[in-house]
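A closer look at the structure
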Protein chains: 2
Amino acid sequence: MPSPCIGVFDSGFGGLTVLKALLELIPGADYLYFGDTARLPYGSKSAETVAKYAVEASNFLQRQGAHMLVIACNTATALAFDEIEAATRIPVVGVVEPGAQAAAAASENESVVVIATEATVNSHAYQKALEAHGMDAREMACPLLVPLVEEGWIDHPVTEQVARIYLEKAFTDGFQAADTLLLGCTHYPLLEAVLRRAAPEHVTLVDSAASTARVVAQQMQTHPYFAAGHPTHPARLKFYATDSAEKFKRLGAHFLGQPIEQVEHVDLKE
Amino acid sequence: MPSPCIGVFDSGFGGLTVLKALLELIPGADYLYFGDTARLPYGSKSAETVAKYAVEASNFLQRQGAHMLVIACNTATALAFDEIEAATRIPVVGVVEPGAQAAAAASENESVVVIATEATVNSHAYQKALEAHGMDAREMACPLLVPLVEEGWIDHPVTEQVARIYLEKAFTDGFQAADTLLLGCTHYPLLEAVLRRAAPEHVTLVDSAASTARVVAQQMQTHPYFAAGHPTHPARLKFYATDSAEKFKRLGAHFLGQPIEQVEHVDLKE
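Residues numbered from 1 in each chain as written. Chains lettered and ligands numbered in written order. Predicted model: local features only at pLDDT ≥ 70, side-chain atom pairs only at ≥ 80, totals over all residues. Heavy atoms only, no water.

**Brief notes about the domain arrangement of chain A**
Residue and element names in this part refer to chain A. Under the domain assignment, chain A is made up of domain 1 (5-95 + 210-265) and domain 2 (96-208). For domain 1 versus domain 2, the distance between C-alpha centres works out to 22 Å. Here domain 1 meets domain 2 over a buried area of about 1700 Å², counting both sides, of which 58% is carbon and sulfur. At the boundary of domain 1 and domain 2, one finds 0 salt bridges. Along the contact surface separating domain 1 from domain 2 lie 11 residue pairs in polar contact (both at pLDDT 80 or more). Elements that contribute at least two residues to the side of domain 1 that touches domain 2 include exactly α1 (16-25), α3 (74-87), α10 (208-221) and α12 (245-256). Taken together, the residues of the side of domain 1 that touches domain 2 sort by class into 10 nonpolar, 12 polar and 2 charged. (Domains from an automatic or database assignment. Buried area = accessible area lost by both parts, 1.4 Å probe. Salt bridge = Lys/Arg side-chain N within 4 Å of Asp/Glu carboxyl O. Polar contact = N/O pair within 3.5 Å; in protein donor to acceptor, adjacent residues only side chain to side chain. Helix = DSSP H or I, 4+ residues; strand = E, 2+ residues; numbered from the N terminus. Nonpolar A, V, L, I, M, F, W, Y, C, P; charged D, E, K, R; others polar.)

As structure tokens, this is what we get:
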């Protein structure tokens, strides 16, 4: 029996933070990672466009042999989860519901602030998911944080100033006492240090990478391969990108926390 | 004889600053503007991807009846001018050569700093064009300026701080005395006030929108329609965007400096 193959998809590099969490929890699987780098970012685009791109990416990973699909992109999950699930024959896990669950578990006063891209906020996917868990939720779009991460200004005074501007607006009007900050974008875990300094002191930071990996691990426990106690091999990784493979290797290693050896360039149009 | 139809192309909204300059100089023409908003930005992508997108956009405008093509995008001009010209049967004008000409005319000590996107800088198209005009040129990538414009932080302390960081790095090592700052991205004219404050006092700002429009106007003088002295009508404008038409109307008006009535959504894949 072949080891299970998990397809992980993001508009670019951010989803590698989810892959990193998956590798820690489920080291014995095969992984296909697809970064739609020629069309990133999704966070400023319309629901129709994001859904179209996300379904193409999902179909690609399915054709490559994925047994399960992880949408490691908040925008794609928020705007297109239903379309992706409808277009796919394999189980699909997104990052919104696991993130909302983790925030609900972390919050003691049931008041959560979510920061995310413009498109994710406009979809109100997090607000709905958090309210379903009994939380009060305030969403705040932070369009500059992704470009700041991609410029490499990870622990930079400008990034801290920008984070303060966004968070001061978020933790106000009934949300001064919110005790949980949910990072609703896979780029944001890289800004953890800055966000911790910019957020009110009493606030707990929660990101969806680890909680998404836990949901996938739970589903994998019942997979015949793991259930049968097959001896596991080290994770096998394969990377695909729609823009330059070289650039993906260079920037991706930063997010994954380990070198990326080989990337295959793909053109979804062909 | 129909009035000439000028196709203007950009990855998004920035090219509308060029269209604005064209409308001032050549009010009697028809204009087709194409913004590839579903795949923007180009500035962080590879030459292959940018060339593919730009050629698709050029072909689209040609099919819609453009008699001339203006590549109102520095990245597309810098990375793909030759590919676009080879794929197109109509005259093509880019923004790099007119920008370089304007900077060469403005500089008294033949020392020019160019700020642009990462992809434009990596292509060294401006450096080559400026050196051909006898200039010394220093290029500086400013990846955060486009997101700051798109966040609407046009005259904002953070934007000024970011501009200072980039410009301090640029006006150094033999370029302290450079007397001209060339804005090598069509978003940057919106930041003119901030850039003027952040640049050394003795520096002249030059952008390629006005100089590109002058090159097009020059070519139009010999067009039979204008040469024959036809009575001109007010400019007729038609807009196409690959992402949401609504969003294009809303954001585009800011760049064009006038309301945008109607935008047609197009999908280049079909």
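Right, picking up where we left off after that structure.
**Side note on the interface of chain A and chain B**
In this assembly, 32 residues from chain A lie in contact with 32 residues from chain B. Both sides of the chain A and chain B interface together cover about 2500 Å² of buried area, and 53% of this is carbon and sulfur. The tally of links from chain A across to chain B stands at 4 salt bridges. Of the charged contacts in the structure, one is a salt bridge between D267 of chain A and K52 of chain B, with a shortest N-O distance of 3.4 Å. The interface formed by chain A and chain B includes 16 residue pairs in polar contact (both at pLDDT 80 or more). Those elements that place two or more of their residues in the side of chain A that touches chain B are α2 (47-63), α7 (145-150) and α8 (157-170) of chain A. (Contact = heavy atoms within 4.5 Å.)

**A look at helix α4 (residues 96-106) of chain A**
Every buried residue belonging to α4 of chain A is among V96, P98, G99, A100, A102, A103 and A104 of chain A, and all of these are buried. Buried-residue contacts for α4 of chain A involve α3, β5 (111-116), α6 (125-132), β7 (180-183), β8 (204-207) and α10 of chain A. (Buried < 20%, exposed > 50% of the residue type's maximum accessible area, 1.4 Å probe, protein only.)

**What about the relation of the copies chain A and chain B?**
Once chain A has been moved 0.0 Å along the axis and rotated by 180 degrees, it coincides with chain B to within an RMSD of 0.0 Å. Given the turn and translation reported, the copies of this chain are related as if by a two-fold rotation axis. In terms of C-alpha distance to the rotation axis, chain A has R39 of chain A as its closest residue, with the C-alpha 2.4 Å off the axis. A shared binding surface is used by both copies, with 100% of the interface residues of chain A retained as interface residues in chain B. (Least-squares fit on C-alpha atoms with pLDDT ≥ 70 in both.)

**A look at the sheet that holds β8 of chain A**
All names here are of chain A. Strand order in the open sheet formed by 4 strands is β6-β5-β7-β8, with parallel pairing between adjacent strands. The outermost strands of the open sheet, each flanked by one partner alone, are β6 (136-141) and β8. Across the sheet, the mean angle from the axis of one strand to that of its neighbour is 25 degrees, orientation sign disregarded. Two elements, β7 and β8, share 4 bridges in a ladder whose sense is parallel. Residue pairing across strands places L182 opposite V206, the latter belonging to β8. Each of β5, β7 and β8 is contacted by α4, which is oriented at about 165 degrees to β7, the strand it contacts most. (Pairing = 2+ DSSP bridges. Axes fitted to C-alpha atoms, helices over the stretch in contact; angles between N-to-C directions.)

**Here's the deal with the packing of aromatic side chains**
Inspection of every chain in the model, using the stated rule, returns 24 aromatic pairs over all chains. Between F9 of chain B and Y42 of chain B, the aromatic rings sit 6.3 Å apart at their centres with planes inclined by 55 degrees, giving tilted as the arrangement. Taken together, the positions of F9 of chain B in strand β1 (residues 5-10) and Y42 of chain B in the loop between β2 (30-35) and α2 (47-63) put the pair 33 residues apart, joining distant regions of the chain. Owing to a relative accessible area of 1%, Y42 of chain B belongs among the buried residues under this scheme. Geometrically, the ring pair formed by Y33 of chain B and F248 of chain B is tilted, given 6.0 Å between the ring centres and 45 degrees between the ring planes. In this pair, Y33 of chain B sits in strand β2 while F248 of chain B sits in helix α12 (residues 245-256), placing the two residues 215 residues apart along the sequence. In this pair, the class of Y33 of chain B matches that of F248 of chain B, namely buried. Counting every residue linked through ring pairs, the aromatic cluster contains F9, F34, Y42, Y53, F60 and Y240 of chain A. Above the plane of the ring of Y53 of chain A lies R39 of chain A, whose end atom (NZ or CZ) is 3.8 Å from the centre. (Phe/Tyr/Trp six-rings, centres within 6.5 Å; stacked < 30°, edge-to-face > 60°. Lys NZ or Arg CZ within 6 Å of the ring centre and 35° of its normal.)

**Some remarks on the side chain of T77 of chain A**
Its location among the elements puts T77 of chain A in helix α3. The contact partners of T77 of chain A, leaving out residues within four places of it in the chain, are I71, G94, V95 and V96 of chain A.

**Section: the environment of S44 of chain A**
With respect to the element layout, S44 of chain A can be found in the loop between β2 (30-35) and α2. Taking C-alpha positions, S44 of chain A is 10 Å from A141 of chain A, a pair spaced 97 residues apart along the chain. In this view, S44 of chain A contacts E118 of chain A together with D243 and K247 of chain B; residues no more than four positions away in its chain are not counted.

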